[in-house]
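These are the residues of each chain, in order.
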Amino acid sequence: PNAANMCINCLRSREDITAGISKEVILHQCRGCQRYNRNASWVVAAPESPQLLAVCMKKVSGLQRVRLVNAEFLWTEPHSKRLKVTITVQKEVL
């Protein structure tokens, strides 16, 4: 047993480890050269590349309090301007 004397399902329903992590961020892209804005510089990144994932992850706030386990892109339409990223995090609750 754990310190809370609860099963995993009940513990998950009571504690939200994703509180404080931003669910949506805005990423600016140049319309002319298709570069992405990262802080004060513009970065060339191909669609669904590791470089673009790094730019996206830098924009997400609240990841300092949890352990990042996995991050990957979700498929969207090729003409879509929206990027979707699935993030798996881990945190000690007790």
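Look up: the structure comes first, before these words.
Below is a short write-up of the structure. (Residues numbered from 1 in each chain as written. Predicted model: local features only at pLDDT ≥ 70, side-chain atom pairs only at ≥ 80, totals over all residues. Heavy atoms only, no water.)

**Here's the deal with the environment of Ala71**
Here is step 1 of the chain: Tracing the backbone shows Ala71 in strand β3 (residues 67-74).
Here is step 2 of the chain: For the pair Ala71 and Ser13, spaced 58 residues apart in sequence, the C-alpha separation works out to 23 Å. (Helix = DSSP H or I, 4+ residues; strand = E, 2+ residues; numbered from the N terminus.)

**Some thoughts on the side chain of Thr76**
Here is step 1 of the chain: Within the secondary structure layout, Thr76 lies in the loop between β3 and β4 (84-90).
Here is step 2 of the chain: In this structure Thr76 comes out as buried when scored by relative accessible area, which is 18%.
Here is step 3 of the chain: Polar contacts involving the side chain of Thr76 include one to the main-chain carbonyl oxygen of Arg82, which spans 3.4 Å. (Buried < 20%, exposed > 50% of the residue type's maximum accessible area, 1.4 Å probe, protein only. Polar contact = N/O pair within 3.5 Å; in protein donor to acceptor, adjacent residues only side chain to side chain.)

**Some remarks on the nonpolar core**
Here is step 1 of the chain: Core analysis: the largest hydrophobic core is formed by 14 residues, its most contacted members being Ile21, Leu52 and Leu63.
Here is step 2 of the chain: If you list the elements that add at least two residues to this core, you get α2 (50-59) and β3.
Here is step 3 of the chain: The element that contributes the greatest number of residues to this core is α2, accounting for 5 residues.
Here is step 4 of the chain: Residues contacting Leu52, with those up to four places away along its chain left out, are Leu27, Tyr36, Ala45, Ala46, Pro47, Phe73 and Leu83. (Core = buried A, V, L, I, M, F, W, Y, C linked by side-chain atoms within 4.5 Å. Contact = heavy atoms within 4.5 Å.)

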